[in-house]
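Inside the fold
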Amino acid sequence: VTKIDICPENILEQTMKQLSKILKSPAAKKFPTLIQNDSDVIDCSKQLQTSERIVPIFQCSNVTGNGLDLVRKFLNLLPARAQWEAQAAEPTEFYVDETFFVTGVGTVAAGTMMAGSCRPNQTLLLGPDGNGKFVPVTIKTIQAKRTNVESVSAGQSASFGLKKIKRASIRKGMVMVDPSLEPQATWEFEAEILVLQHPTTIAANYQPVVHCVTIRQTAMIVHVHNHEVLRTGDRAMVRFRFMYRPEYMKVGSRLVFREGRTKGIGKTTAVFAGQPGPQKQLAKDARTCAREAREVGRNSTAAAKVL
């Protein structure tokens with residue numbers, strides 16, 4: 001819980017009650033724990049190693065620094081969730097989280113190495129673009145913690161200087177992967193979701209914002225399996241379709257979706273690469289409607305001649 005330096009006490013109390021209510025709900029089944037001192041940090045870190053139902057809550061301010069020391073101590077006590085050494089042996093996967101332009105260097109992409117390793121002059125595939133294509137790109141330079149390095153591996157954050165790539169052609173949510181992976185962009189995917197909070201009901205055609213790794217895009221619910229509507233606390237298998245552009249998705253990725261006061265979490269179970277995007281589908285529907293209208297017109301003309 002951030003911005004406690006400017007948040008009124010009654011609003012902070014209301015937020016804490018709402019957060020606790022969501023975590024204790026039958027759908028989440030978690031135990032919220034407010035961390036206030038070093039003793040709470042140690043106790044909570046020990047409990048998390050035996051139970052995943054404990055949820056620590058920190059109250060902090062990035063302006064005054066209040067509470068940030070407790071967050072750092074807690075993170076230092078936690079074991080790593082991912083096996084980065086094993087993932088470093090896999091093909092390269094780099095998720096772009098930020099882009100900028102540096103004079104004398106060119107376009108720079110910053111993000112996290114999720115798998116494999118990378119060195120300067122290595123060629124990766126960058127994408128997907130608005131058409132779902134991946135293009136070759138050569139890594140010119142690599143920096144980690146503002147220092148030039150010869151290589152980075154899985155689990156590290158880094159910035160890549162790219163050769164002959166315009167900044168306008170790269171965006172947050174793209175990936176740079178090894179060509180051996182033969183990446184494909186997807187418009188649609190299925191996920192097992194849990195609705196943490198929603199004021200009414202969720203059905204097909206609902207459009208929340210989906211957050212998955214570095215992806216941030218509105219997606220429409222195409223179909224809800226075995227349910228007509230979803231309410232707070234419901235679990236279901238749902239099929240999503242991105243609204244604006246295809247993305248690079250992987251099975252097993254965790255996601256969060258939100259819209260207004262609606263909040264939910266989920267996990268990707270299937271990815272449908274090669275499916276047509278909504279623009280192509282709309283164009284196809286428009287052509288079908290035009291053809292049917294012409295047929296109706298011809299039939300009407302023929303009927304008028306007979307009469």
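Our subject is the structure listed above.
Residues numbered from 1 in each chain as written. Predicted model: local features only at pLDDT ≥ 70, side-chain atom pairs only at ≥ 80, totals over all residues. Heavy atoms only, no water.

Before going further, it helps to spend a moment on the pairing of strand β2 (residues 54–57). Sheet topology places strand β1 (residues 31–34) next to β2; four bridges connect them, and they run parallel. Paired with L34 across the two strands is I57, which belongs to β2. A crossover connection joins β1 to the parallel β2 through helix α2 (residues 38–48); in handedness this β-α-β unit is right-handed. (Pairing = 2+ DSSP bridges. Helix = DSSP H or I, 4+ residues; strand = E, 2+ residues; numbered from the N terminus. Right-handed = clockwise from strand over helix to strand, strands pointing away.)

Here the focus is the sheet that holds strand β12 (residues 186–197). Pairing within the closed barrel is antiparallel, and its six strands lie in the order β12-β15-β14-β13-β16-β17. Across the sheet, the mean angle separating the axes of adjacent strands is 45° when strand polarity is ignored. Across five bridges, strand β14 (residues 215–224) lies against strand β15 (residues 235–242) in antiparallel orientation. Each residue of the ladder has a partner; that of I221, found in β15, is F240. (Axes fitted to C-alpha atoms, helices over the stretch in contact; angles between N-to-C directions.)

Tallied over the full model, the rule gives six aromatic pairs. Taken together, a centroid distance of 5.3 Å and an interplanar angle of 40° make the contact between F189 and F242 tilted. With F189 in strand β12 and F242 in strand β15, this pair connects stretches of sequence that are 53 residues apart. As far as the burial class goes, F189 and F242 line up, both buried. An aromatic cluster is present here, built from F189, F240, F242 and F257 joined pairwise through their rings. The ring of F272 carries the charged tip of R239 above its face, separated from the ring centre by 3.7 Å. (Phe/Tyr/Trp six-rings, centres within 6.5 Å; stacked < 30°, edge-to-face > 60°. Buried < 20%, exposed > 50% of the residue type's maximum accessible area, 1.4 Å probe, protein only. Lys NZ or Arg CZ within 6 Å of the ring centre and 35° of its normal.)

Let us now look at the environment of F100. Here F100 lies in strand β3 (residues 93–102). Distance in space between the C-alpha atoms of F100 and G161 is 9.9 Å, their sequence separation being 61 residues.

Attention shifts here to the pairing of β3. Both β3 and strand β4 (residues 106–115) contribute to a ladder of nine bridges, which runs antiparallel. Across the sheet, residue V102 finds its bridge partner in β4, namely G106. Connecting the antiparallel pair β3 and β4 is a turn made up of three residues, with G104 showing a positive phi of about 90°. Of the pairings in the sheet, the one linking β3 to strand β11 (residues 175–177) comprises three bridges and is antiparallel in character. The residue bridging Y95 from the neighbouring strand is V175, located in β11.

For the rest of this paragraph, the subject is the nonpolar core. Within soluble globular proteins, side chains that are nonpolar tend to cluster in buried spots. Ranked by size, the top nonpolar core spans 21 residues in total, and within it F189, L230, V238 and F240 carry the most contacts. Mapped by element, the contributors of at least two residues to this core are β12, β13 (209–212), β14, β15 and β16 (254–259). Per-element accounting of this core gives the leading share, five residues, to β12. When neighbours within four sequence positions are excluded, F189 is seen to be in contact with V210, V238, R239, F240, F242, M249, L255, T268, A270, V271 and F272. With 19 residues, the next largest nonpolar core counts C118, L126, V137 and I165 among its residues. (Core = buried A, V, L, I, M, F, W, Y, C linked by side-chain atoms within 4.5 Å. Contact = heavy atoms within 4.5 Å.)

Summed over the entire model, instances satisfying the criterion amount to eight salt bridges. One salt bridge connects K73 with D38, and the closest N-O pair in it is separated by 3.1 Å. Of this pair, K73 sits in helix α3 (residues 68–77) while D38 sits in helix α2, and the two are 35 residues apart along the sequence. Judged by relative accessible area, K73 falls into the partly exposed class, the value being 37%. (Salt bridge = Lys/Arg side-chain N within 4 Å of Asp/Glu carboxyl O.)

Turning next to α2. Residues of α2 that are buried: V41, C44 and S45. Taken down its axis, α2 places every buried residue within 100° of arc, on the same side. Residue N37 occupies the N-cap position of α2, its side-chain oxygen lying 3.2 Å from the main-chain nitrogen of S39. (Arc of directions from axis to C-beta. Polar contact = N/O pair within 3.5 Å; in protein donor to acceptor, adjacent residues only side chain to side chain.)

So, about unusual backbone geometry. Cis geometry is adopted by the peptide bond preceding P128, which originates at G127 and carries an omega value of -5°. The backbone of K29 sits at a positive phi, close to 55°, despite the residue not being glycine. The residue K29 is located in the loop between α1 (9–24) and β1 in this model.

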